[in-house]
Amino acid sequence: MARFAETGELPQPPADPRDGVTNGAAMRMAPVGWIIPATDPDRRRTLVRELARGTHPSPIAIGAACVIAAMATWGLEDSDAILAAAVAEAEWLGLPDFDDVQRAADGAWTPPPGGITLDAAQTAAAVTYVIQGSAGAAEAMTSAVLLGGDTDTVAAIVGGILGGASGQDAPHWWGRVSFPENAEVDGLAARLAELRRGWYSA
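Residues numbered from 1 in each chain as written. Predicted model: local features only at pLDDT ≥ 70, side-chain atom pairs only at ≥ 80, totals over all residues. Heavy atoms only, no water.

> How should I be thinking about the overall build of the protein chain in this particular structure?
Helix and strand counts for the protein chain stand at 11 helices and 0 strands. Starting at the N terminus and walking to the C terminus, you meet the elements of the protein chain as α-α-α-α-α-α-α-α-α-α-α. Expected size for 202 residues packed as a compact globule is a radius of gyration near 17 Å; at 17 Å, the protein chain falls within 12% of this value. Judged by the C-alpha coordinates and their principal axes, the protein chain covers about 45 × 40 × 35 Å. Relative to its 202 residues, the protein chain shows a buried fraction of 42%. (Helix = DSSP H or I, 4+ residues; strand = E, 2+ residues; numbered from the N terminus. Rg over C-alpha atoms; globule rule 2.2 N^0.38 Å. Buried < 20%, exposed > 50% of the residue type's maximum accessible area, 1.4 Å probe, protein only.)

The following block contains the structure:
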């Protein structure tokens, strides 16, 4: 951000694609999946890249963001297709860093014993893992927290993917949380829904 403020230029992709592969871009990409239907993957990927590259120009970081956005759009379309969407996006990326996403979707991936790191591809695999092994949003978010490591990010992404899926039960602790009225949040939700409807009617 300091570079942009000083030069007006976005960072360039690193010479080593493993540089800067943290999960910050993936963490904020569920809304792209919310607003762009599954019928327009090219537009979704373009928007993900444009929103990610200012802070996370690594192709691996952008790839993880693409996986999350694809899962999020199918969370609204058909929750039974979320895992297939993750696998399809990983295959489209064609990067070996995302082989663990497919393994997680198949139930063949084991989280590292020390917990989930900030690595973007590992975060995408962890999200896929907990969704694959859970019956719904509440169980999946709990499982994400129990992985250890960067659990708040994994759980937040899982909630963003499954939270809008039909037939989800609220977490057992929901009634113990105070959610103050917030017109700004309500307005943002309404605008996101309007954007998605607009994509369908375009």
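Now that the structure is up, let's keep going.
> Is there a simple way to explain the pattern of salt bridges in this structure?
If you walk through the whole model with that rule in mind, you get 7 salt bridges. Residue R45 pairs with D42 through a salt bridge whose shortest N-O separation is 3.8 Å. Here R45 pairs with D42, and both are found in helix α4 (residues 41-52), just 3 residues apart, close to one helical turn. By relative accessible area, which is 15% here, R45 ends up buried. When the shortest N-O distance is used, the salt bridge between E50 and R49 registers 3.1 Å. E50 sits in the partly exposed class, given a relative accessible area of 40%. (Salt bridge = Lys/Arg side-chain N within 4 Å of Asp/Glu carboxyl O.)

> I keep staring at the packing of helix α9 (residues 137-146) against helix α10 (residues 151-162) and nothing clicks. Help me out?
How two helices pack is summed up by the angle between their axes together with the distance between the axes. Remark: α9 packs on α10, axes separated minimally by 8 Å, with the N-to-C direction vectors making an angle of 165°. One finds that α9 runs roughly antiparallel with respect to α10. Two packed elements cross with a definite hand, and for α9 against α10 that hand is right-handed. On α10, the residues that touch A137, A140, M141, A144 and V145 of α9 are T151, V154, A155, V158, G159 and L162. Here the residues of the contact of α9 with α10 sort into 9 nonpolar, 2 polar and no charged. (Axes fitted to C-alpha atoms, helices over the stretch in contact; angles between N-to-C directions. Parallel < 35°, antiparallel > 145°, perpendicular 65-115°, else oblique. Left-handed = near helix turned anticlockwise from the far one by under 90°. Contact = heavy atoms within 4.5 Å. Nonpolar A, V, L, I, M, F, W, Y, C, P; charged D, E, K, R; others polar.)

> Looking at this structure, how should I read the side chain of R44?
With respect to the helices and strands, R44 occurs in helix α4. You can call R44 buried: its relative accessible area is 4%. Beyond its immediate sequence surroundings of up to four residues, R44 is in contact with V32, I36, A38, A69, A70, T73 and E89.

> Would you mind going over a nonpolar patch on the surface with me for this structure?
A contiguous nonpolar surface patch, about 390 Å² in accessible area, is contributed by W173, W174, V177 and F179. Mapped onto the fold, V177 is located in the loop between α10 and α11 (183-201). Among the residues examined, V177 registers a relative accessible area of 36% and is labelled partly exposed. (Patch = residues over 30% accessible without salt bridge, like charges linked within 9 Å, V, L, I, M, F, W, Y side chains within 5 Å. Areas by Shrake-Rupley, 256 points an atom, 1.4 Å probe, with all protein chains shown as cover.)

> What's the story with the nonpolar core in this structure? I'm lost.
Side chains that are nonpolar tend, in soluble globular proteins, to be buried together. Counting 36 residues, the largest nonpolar core has M71, F98, V127 and I161 as its most contacted members. Among the secondary structure elements, those contributing two or more residues to this core are α5 (59-77), α6 (82-93), α7 (99-105), α8 (120-132), α9 and α10. With residues near it in sequence (within four places) discarded, M71 still touches I82, A86, V127, T128, I131 and I161. In terms of nonpolar packing, the next biggest core, distinct from the first, is built from 13 residues, A25, V48, C66 and L192 among them. (Core = buried A, V, L, I, M, F, W, Y, C linked by side-chain atoms within 4.5 Å.)

> Would you explain the packing of aromatic side chains in this entry?
Under the criterion given, the structure shown has 2 aromatic pairs. Geometrically, the ring pair formed by W109 and Y129 is edge-to-face, given 5.7 Å between the ring centres and 75° between the ring planes. One end of the pair, W109, is in the loop between α7 and α8; the other, Y129, is in helix α8, and 20 residues separate them in sequence. Among the residues examined, W109 registers a relative accessible area of 8% and is labelled buried. Judged by relative accessible area, which is 28%, Y129 ranks as partly exposed. (Phe/Tyr/Trp six-rings, centres within 6.5 Å; stacked < 30°, edge-to-face > 60°.)

From the geometry alone we can't say anything about function, so treat these as descriptive.
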